[in-house]
Amino acid sequence: ERGPRDPLVIAGGHAVYNPEPIHAFFDAFVLGEGEEVIHEIVETWQDWQQSGASRRALLEALAGIWGVYVPSFYEPHYHEDGTIAGIERTWEGAPAEVRKRIVAKLPPPPARPIVPYVDITHNRVPIEIMRGCTRGCRFCHAGMVNRPVRERPVDEILEAIEAAIRNTGIEEIGLLSLSSSDYTHVLELVTRAAERFADQHINISLPSMRIESFSVDLMDALKTSRRSGFTLAPEAATERMRNIINKPVSTEQLLETARAIYSRGWHTIKLYFMIGHPSETLEDVQAIADLVKMVREEGRKIIGGRAKVHAGVSTFVPKPHTPFQWVPCDTMEQIRAKQDLLRRQARGKGVKLNWNNPRETMLEAWLSRGDRRMAAVVYGAWRRGAKFDAWHEHLRYDAWLEAFAEAGLDPAFYTHRRREIDEIFPWEHLSIAVRKRFLAQDYLWSREQKTRIDCRHQCFACGILPTFNDLRMANPGEGWGCPEVKPKKRRGRGEIPLKVAAPP
Ligand code: SF4
């Protein structure tokens, strides 16, 4: 409906790996990383403005850019049961599959951010040290969509810290990644950063640490403030459940790490869990309360009554492009029963518990795996006053239910339905370069509690390398987490030199 003078409305970021519920409101979406594609979009728009061509010509030009998805060039068809029968292109010039954009080599981190003149949450300069994660946690959307792992060199990071301090005056730096202790040169980085900025009263934080005492050594080396507590994310409390989600840490390893944390001066450990993992029982939820108390007891043995545990228990929502994209989300009744159990059991001196509103979880679930028909629901809820629903005081849950009824859709279809393994998903034509076959295999492995090791030690042929073969070849060396790929002529009989895991 937009004319030549209307603005071009585009969106990007992790949420648009399934943009179908909001497809009707946008001209285009960017799948993947924006550093390079933003320039191409701007140039395309400028050329179009000078050309005086139609708006349709602009959309066609945008659809030709790697990583740009123009939803109006695709049309899904549905079976009678509401599942998708197929997704058809309405313009044959559009790619059959839109592949996510990546940058082969991360550019130096931005070190001149806008400095706000009000106090903000996370008032620090974020410096991304590594992109992607090879751990393969099955619930983790970021871990799947950000493959491959790419690291920045230590010198580049140190220079960025120095420049950021000089440019902003901010005294807190966050060295960010999905799993900071997996950064290959993390010890060197931490040691050199601690030395170089020792006399500048800078607080350098390293979030997203693995559950091992090495993480405590790293925080110690950085002389990180003990005030805000030490965060660990076991995500589940039984070893069975941690195998299912592919976060195989033993309870003893967790307790050992907790002991190291309390004995090195921290009083508070924050533990992040999720309820609602596939096949979870009330015993698994009870185990969360038990583990919280076990950690507190370890602390009491070391620092007495000062030991505290803060448990954050969110509710799992299965995400597109992950091995759990096939599983149902818990119902409101299941979530409430689990939260009630936790409220009764995870309590006592030194224990604090946080949880999510189940209605917010439902909203997240509808939008995460919804299809195009959800756009009518989004519009209907908006017309009824839903605007800032991510702020819990503004959540208009009834407006959403009314909008579902008006659109003739059943909310449970999107949340509580187990998908068939060969179901066509609303995001089927959008590719993160990790193959659906790999995700399905991983899902089936989860049902047998079969785990995968870090794929930096054994490549499982998830699909990233064949897709980005040329980029890997052009960027040899340790900057990437995936194995090196030799040029074709040097390969023996043409096979891809990957060590591939045995099939299940
Ligand atoms: S191609 Fe191999 S090493 Fe690279 S992300 Fe996939 S499984 Fe991991």
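Residues numbered from 1 in each chain as written. Predicted model: local features only at pLDDT ≥ 70, side-chain atom pairs only at ≥ 80, totals over all residues. Heavy atoms only, no water.

**Concerning the site of the ligand**
Thought 1: Contacts to the ligand come from Arg-147, Cys-455, Cys-459, Phe-460, Ala-461, Cys-462, Ile-464, Leu-465, Cys-482 and Pro-483.
Thought 2: Residues that form the shell around the ligand fall into these classes: 9 nonpolar, no polar and 1 charged. (Near = heavy atom within 4 Å. Nonpolar A, V, L, I, M, F, W, Y, C, P; charged D, E, K, R; others polar.)

**Focus: the pairing of strand S10 (residues 172-176)**
Thought 1: For strand S7 (residues 125-128) and S10, the ladder comprises 4 bridges, and the chain directions are parallel. Residue pairing for S10: Pro-126 is matched across the bridge by Gly-174.
Thought 2: In this view, the connection linking S10 to its parallel neighbour strand S11 (residues 203-205) by way of helix H5 (residues 186-196) has right-handed handedness. (Pairing = 2+ DSSP bridges. Helix = DSSP H or I, 4+ residues; strand = E, 2+ residues; numbered from the N terminus. Right-handed = clockwise from strand over helix to strand, strands pointing away.)

**Comments concerning the confidence of the model for the protein chain**
Thought 1: Counting all residues, the mean pLDDT for the protein chain is 93, and 97% of those residues have values of 70 or more.
Thought 2: Here residues 490-504 is modelled with pLDDT under 50, and outside its nearest four sequence neighbours on either side it reaches 24 contacts, counting other chains as well. (pLDDT = per-residue confidence, 0-100. Contact = heavy atoms within 4.5 Å.)

**Describing the sheet that holds S7**
Thought 1: As summarised here, the arrangement of the 3 strands in space is S7-S10-S11, forming an open sheet in which the pairing is parallel. The sheet is open, and its two borders are formed by S7 and S11, each paired with just one other strand. Strand-to-strand, the axes of this sheet are offset by a mean angle of 20°, without reference to chain direction.
Thought 2: Of the strands in this sheet, S7 and S10 are in contact with helix H4 (residues 154-168), which crosses S7 at around 165°. (Axes fitted to C-alpha atoms, helices over the stretch in contact; angles between N-to-C directions.)

**What to know about the pattern of salt bridges**
Thought 1: In the structure shown here, the tally under the stated rule is 41 salt bridges.
Thought 2: Linking Arg-196 and Glu-162 is a salt bridge whose minimum nitrogen-to-oxygen distance equals 3.0 Å. With Arg-196 in helix H5 and Glu-162 in helix H4, the pair connects residues that are 34 residues apart, well separated along the chain.
Thought 3: The exposure class of Arg-196 is partly exposed, given its relative accessible area of 33%. (Salt bridge = Lys/Arg side-chain N within 4 Å of Asp/Glu carboxyl O. Buried < 20%, exposed > 50% of the residue type's maximum accessible area, 1.4 Å probe, protein only.)

**Brief notes about the nonpolar core**
Thought 1: Ile-127, Ile-161, Ile-173, Leu-175, Leu-206, Leu-271 and Trp-366 are the most contacted members of the largest nonpolar core, which has 85 residues in total.
Thought 2: For Trp-366, the contacting residues outside a window of four places in its chain are Met-374, Tyr-397, Trp-400, Leu-401, Phe-404, Pro-411, Tyr-414 and Thr-415.
Thought 3: By size, the runner-up hydrophobic cluster in this structure holds 56 residues, among which are Val-37, Ala-236, Phe-324 and Cys-455. (Core = buried A, V, L, I, M, F, W, Y, C linked by side-chain atoms within 4.5 Å.)

**Thoughts on H4**
For an α-helix, the turn length of 3.6 residues means that residues three or four places apart are oriented alike.
Thought 1: With 15 residues, H4 ought to run about 21 Å at 1.5 Å a step, and its terminal C-alpha atoms sit 21 Å apart, in line with that.
Thought 2: Every buried residue of H4 is listed here: Val-154, Glu-156, Ile-157, Leu-158, Ala-160, Ile-161, Ala-163, Ala-164, Ile-165 and Thr-168.
Thought 3: In this structure, the buried side of H4 is in contact with S7, S10 and H5.
Thought 4: Gly-169, located one to two residues past H4, shows a positive phi value of around 75°. (Expected span 1.5 Å × (residues − 1).)

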